[in-house]
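Next come the chains, spelled out residue by residue.
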Amino acid sequence: MRVLGIEGTAWCASAALYDAETDSVLIESNPYEPDSGGIHPREAAEHMSEAIPEVVDAALTAAEEEYGPDAVDAVAFSRGPGLGPCLRTVGTAARSLAGALDVPLVGVNHMVAHLEIGRHRSGFENPVCLNASGANAHLLGYHDGRYRVLGETMDAGVGNAIDKFTRHVGWDHPGGPKVEAAARRYAEGSDGLGGLLDLPYVVKGMDFSFSGISSAANDAYDDGVPVDEICFSLQEHVFAMLTEVSERALSLTGADELVLGGGVAQNDRLREMLASMCDARGARFHAPEPRFLRDNAGMIAVLGAKMAAAGDTLPVRESAIDPNFRPDQVPVTWRHGESVARGRAPGSDDGTDADRRGAEATVEIVAAGGDSAEAGAGAEDGDAADRRVIKRRVPKEYRHPELDRTLRRDRTVAEARLTSEARRAGVPTPLVYDADVPNATLTLQHVGDRDLAAALDDGTERAAAVGRHLARLHDAGIVHGDPTTRNARVWTDALGEGATTEERATTGEEVFAPDDRAALIDFGLAYHTGHVEDHAMDLHVFEGSVRATATDPDPLIEAFEAGYAELGDDDVLDRLRDVQGRGRYR
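All residue numbers refer to positions counted from 1 along the written sequence of the respective chain. Local features in this predicted model are restricted to residues whose pLDDT is 70 or higher, and side-chain atom pairs enter the listing and the counts only when it is 80 or higher, whereas totals over whole chains, interfaces and linings include all residues. Hydrogens are left out, water is left out, and the side-chain values use all remaining heavy atoms of the structure.

On to the overall build of the protein. Secondary structure is summarised from DSSP: a helix means a run of H or I of at least four residues, a strand means a run of E of at least two, and numbering begins at the N terminus for each. From N to C terminus, the protein includes 15 helices and 21 strands. The buried label goes to any residue with under 20% of its type's maximum accessible area, the exposed label to any with over 50%, and the partly exposed label to all in between, with areas taken from a 1.4 Å probe on protein chains only. Taking all 586 residues of the protein together, 58% fall into the buried category. We call two residues contacting when some pair of their heavy atoms lies within 4.5 Å. Taking the intrachain contacts of the protein between residues at least 6 apart in sequence as the baseline, contacts between residues at least 24 apart amount to 77%. The Shrake-Rupley method, run with a 1.4 Å probe, gives the accessible areas here. Residue values count only the displayed protein chains as cover. Surface summary for the protein: the accessible area is close to 22,300 Å², and the carbon and sulfur share equals 46%.

Spelled out as structure tokens, the structure:
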């Protein structure tokens with residue numbers, strides 16, 4: 001099968017021919033280059049109307065010269081997301097060409113194409129995918145017939161966040177390569193490290209925010225800080241955030257493959273950080289060659305061929321463009337197989353404590369006397385109530401040393417303090433026995449016998465309990481910051497429903513309420529706030545982790561929200577609907 005793809009979501013007019021038999025791709029592109037500032041939608045649309053016919057003619061001529069008049073078996077085009085006027089030009093061209101050639105028409109989601117080209121080129125079966133492009137930043141994973149959003153920016157796309165700063169200093173679009181060059185100059189002049197400005201670092205579960213860091217970088221420039229120094233610090237913070245949430249996604253799902261896509265993925269420092277993180281975790285990492293990272297029709301043609309082979313084509317009357325086309329709206333017809341959430345509890349077939357390696361820390365379970373015992377070995381002997389958890393926030397080689405020390409210290413302190421405060425507010429949490437702040441190490445009570453992530457298939461009561469716990473937490477003016485299914489610990493019913501409190505205590509379970517047999521852990525991202533927006537983000541993070549990993553998420557989310565409604569503020573649930581609609585292209 002040979003497919004002609006057409007791309008034109010924003011700035012790059014592109015056409016490509018993909019030959020599935022030889023796996024070869026010919027790409028013809030004509031990018032829009034504004035005279036000043038960023039992308040101007042009207043100018044971009046005018047460019048698209050002029051350039052699309054040229055690149056399509058070049059690709060089609062090359063195809064017919066090599067394969068003859070029947071060179072094209074299908075036409076694929078980017079339906080969205082993107083700028084409406086640009087998408088309409090592409091859609092019109094694709095419909096006209098498919099009709100003239102009498103071949104099927106395929107509508108492709110631009111963001112899914114970014115991740116599928118990485119999966120195709122890498123040969124990975126089921127990776128977590130990070131899309132880092134101008135208008136977007138998503139973490140995606142295949143689950144239950146769709147690509148689920150594991151995490152995303154809650155405001156600006158990563159490229160736009162960087163461009164906001166470069167426009168402020170008067171640099172032309174695209175600003176990313178200029179920031180990369182300036183950051184490299186600063187690093188080379190500082191023996192490879194360089195000092196680091198204090199910029200916002202906002203991670204909430206696997207979601208993140210860039211608006212604050214763009215404004216802070218602008219303010220630093222206005223205050224006279226050298227632009228190279230700002231570029232260095234901007235890159236270090238932004239890319240560390242993307243790398244951290246990628247590791248959190250690998251931890252949540254148990255995946256061991258990561259694919260990078262999008263135009264910002266051409267940045268060497270971002271690729272270096274992600275490769276370092278994956279190497280430390282024993283995961284595989286792949287970023288396609290640059291021609292498949294920037295906006296291009298090659299990825300549209302490749303995914304279009306997969307969709308056409310699966311019979312996923314469009315009649316013209318149903319081929320309208322969608323500027324807000326989210327990747328999780330796309331039925332994935334061209335692939336089948338296991339979910340990306342195949343490893344709910346890494347290292348363990350039964351979902352217990354073996355190798356509970358998170359994104360930030362290593363966990364060792366020891367007897368109360370302090371003798372080390374690996375989970376599943378000596379620590380399992382005797383009463384679970386006598387076990388302790390040694391949690392060490394390990395240094396991250398991918399992060400700048402100053403940033404790494406600050407995050408490890410601050411999160412260790414926050415976890416020690418707010419875990420205890422939450423417990424005093426009636427939320428089931430571990431006791432904190434010791435805090436070694438210089439070494440970013442905590443000694444905690446061992447609670448539960450597995451993560452909620454390993455017990456989702458029969459977990460509505462536990463999900464409701466988590467909802468009640470978060471309501472109590474919010475009433476005390478505390479936000480958890482990372483309440484995923486990996487950070488809720490649950491007890492199973494091994495003792496039976498009639499077990500006494502004393503019997504349950506021998507398993508480490510403390511019954512705060514008759515049905516609340518779940519506890520919250522990992523308060524490293526927690527902070528004090530009474531703001532309804534922050535409380536709603538907690539709920540959004542939990543529900544996102546459920547949707548990304550549960551076989552049947554809806555009953556769990558319904559139970560969770562009902563549990564929250566029992567004790568929590570209705571305004572938080574109302575705001576949750578706003579937050580859910582605030583992700584990119586909602």
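Looking now at the confidence of the model for the protein. The pLDDT averaged across the protein works out to 88; a share of 88% of its residues lies at or above 70. Confidence of the predictor in every single residue is expressed as pLDDT, which spans 0 to 100. Between the elements of the protein, mean pLDDT differs from a low of 52, seen in helix H12 (residues 501-505), to a high of 98, seen in strand E18 (residues 478-479). Segment residues 344-355: pLDDT under 50, and 34 contacts once partners within four positions in sequence are set aside and those in other chains are kept. Taken together, the stretch residues 494-499 has pLDDT below 50 and engages in 7 contacts with residues farther than four places along the chain or on a different chain.

This paragraph deals with the sheet that holds strand E17 (residues 450-451). Any two strands between which DSSP finds at least two bridges are classified as paired. The antiparallel open sheet is built from 3 strands, whose spatial order is E17-E19-E20. Taken across any chain shown, the strands that pair with only one partner, and hence form the sheet edges, are E17 and strand E20 (518-520). Here strand E19 (residues 488-490) pairs with E20 via 3 bridges, running antiparallel. Bridging from a neighbouring strand, Arg 489 pairs with Ala 519 of E20.

Let's shift gears to a negative patch on the surface. Any residue with relative accessible area above 30% and no salt bridge may belong to a patch, with like charges joined within 9 Å and the nonpolar Val, Leu, Ile, Met, Phe, Trp and Tyr side chains within 5 Å. Salt bridges are counted wherever a side-chain nitrogen of Lys or Arg sits within 4 Å of a carboxyl oxygen of Asp or Glu. As used throughout, the charge tally considers Lys and Arg to be positive and Asp and Glu to be negative, leaving His and the chain termini uncounted. Taken as the charge location is NZ of Lys, CZ of Arg, CG of Asp or CD of Glu. Where like charges cluster on the molecular surface, the negative patch consists of Glu 50, Glu 54, Asp 57, Glu 64, Glu 65, Asp 70 and Asp 73. Among the secondary structure elements, Asp 73 is positioned in the loop between helix H1 (41-67) and strand E4 (74-80). Judged by relative accessible area, which is 34%, Asp 73 ranks as partly exposed.

One open sheet accounts for 5 strands, arranged E8-E7-E6-E11-E12; its pairing is mixed. A single partner strand is all that each edge strand has here, and the edge strands are strand E8 (146-152) and strand E12 (284-286). Shown here is a sheet whose adjacent strand axes are inclined to one another by a mean of 25°, direction ignored. Contacts between helix H3 (residues 110-122) and the sheet are confined to strand E6 (128-132), strand E7 (137-143), E8, strand E11 (257-261) and E12, with E11 contributing the most and set at about 125° to the helix. With axes taken as lines fitted to C-alpha atoms, and helix axes fitted only over the stretch in contact, angles between N-to-C directions fall between 0 and 180 degrees.

In this section: the pattern of salt bridges. All chains considered together, the criterion is met by 37 salt bridges. Measuring nitrogen to oxygen at the nearest pair gives 2.5 Å for the salt bridge that ties Arg 121 to Glu 289. Of this pair, Arg 121 sits in helix H3 while Glu 289 sits in the loop between E12 and helix H9 (297-309), and the two are 168 residues apart along the sequence. Of the residues examined, Glu 289 reaches a relative accessible area of 27% and is grouped as partly exposed. The salt bridge involving Glu 257 is made with Arg 284; its shortest N-O contact spans 2.6 Å. In this pair, Glu 257 is assigned in strand E11 and Arg 284 in strand E12, connecting sequence segments 27 residues apart.

A few words on the pairing of strand E14 (residues 387-393). Along E14, 6 of the 7 residues are buried, which leaves the element largely enclosed by surrounding structure. Where strand E13 (residues 361-367) and E14 come together, 7 bridges link them in antiparallel fashion. Pairing of Val 366 across the sheet is with Arg 388, part of E14. Both E14 and strand E16 (residues 441-445) contribute to a ladder of 5 bridges, which runs antiparallel.

We now examine the environment of Met 241. Structurally, Met 241 is set in helix H7 (residues 227-253). Here the alpha-carbon distance between Met 241 and Tyr 201, two residues 40 residues apart in the chain, equals 7.0 Å. In this view, Met 241 contacts Pro 200, Tyr 201, Val 202, Val 203, Phe 208, Ser 209 and Phe 210; residues no more than four positions away in its chain are not counted.

On to the pairing of strand E3 (residues 24-31). Direction of pairing for strand E2 (residues 12-19) relative to E3: antiparallel, over a ladder of 8 bridges. The partner of Ala 13 across the bridge, within E3, is Asn 30. The turn linking E2 back onto E3 is made up of 4 residues, and Asp 23 within it adopts a positive phi angle of 55°.

Under the pairing criterion, centres of Phe, Tyr and Trp rings, with the six-membered ring standing for Trp, must be within 6.5 Å; the plane angle then separates stacked pairs below 30 degrees from edge-to-face pairs above 60, leaving the rest tilted. This structure, assessed with the given rule, holds 5 aromatic pairs. Relative to Phe 232, the ring of Tyr 186 lies with its centre 5.2 Å away and its plane at 50°, an arrangement referred to as tilted. Here Tyr 186, found in helix H5 (residues 176-189), pairs with Phe 232, found in helix H7; they are 46 residues apart in sequence, far enough to count as distant. Taking relative accessible area as the criterion, Tyr 186 reaches 18% and is therefore assigned buried. Using a relative accessible area of 4% as the deciding quantity, one classes Phe 232 as buried. Taking the ring centre of Tyr 142 as reference, the NZ or CZ of Arg 335 above it sits at 4.1 Å. Here, a charge over a ring means that NZ of Lys or CZ of Arg falls within 6 Å of the ring centre while also lying within 35 degrees of the ring normal.

As for its placement among the helices and strands, Val 56 is situated in helix H1. Once the C-alpha coordinates of Val 56 and Ser 29 are considered, the two residues, 27 residues apart in sequence, prove to be 9.2 Å apart.

Another point: unusual backbone geometry. Negative phi is the rule for most residues except glycine; trans is the rule for most peptide bonds. Pro 81 follows Gly 80 through a cis peptide bond whose omega is 0°. Within the secondary structure layout, Pro 81 lies in the loop between E4 and helix H2 (84-101). In this structure, Asp 23 takes a positive phi of about 55° despite not being glycine. Looking at where Asp 23 falls in the secondary structure, it is placed in the loop between E2 and E3. Here the phi dihedral of Asp 102 falls at roughly 60°; this positive angle occurs in a residue that is not glycine.

Turning next to the packing of helix H11 (residues 460-475) against helix H13 (residues 532-549). As a packed pair, H11 and H13 sit with axes 11 Å apart at the nearest point and diverge in direction by 160°. As far as their axial angle goes, H13 and H11 are roughly antiparallel. Helix-helix and strand crossings are classified by hand; for H11 and H13 the assignment is right-handed. Together, Val 466, Leu 470 and His 474 of H11 and His 535, Asp 538, Leu 539 and Phe 542 of H13 make up the contact between the two elements. Residues were grouped as follows: Ala, Val, Leu, Ile, Met, Phe, Trp, Tyr, Cys and Pro as nonpolar; Asp, Glu, Lys and Arg as charged; and all remaining residues, including Gly, as polar. Residues belonging to the contact of H11 with H13 are distributed by class as follows: 4 nonpolar, 2 polar and 1 charged. Throughout, the term roughly parallel applies to angles under 35 degrees, roughly antiparallel to angles over 145, roughly perpendicular to angles from 65 to 115, and oblique to all others. Working rule for handedness: look at the near helix, and if it is turned counterclockwise from the far one by less than a right angle, call the crossing left-handed; if clockwise, right-handed.

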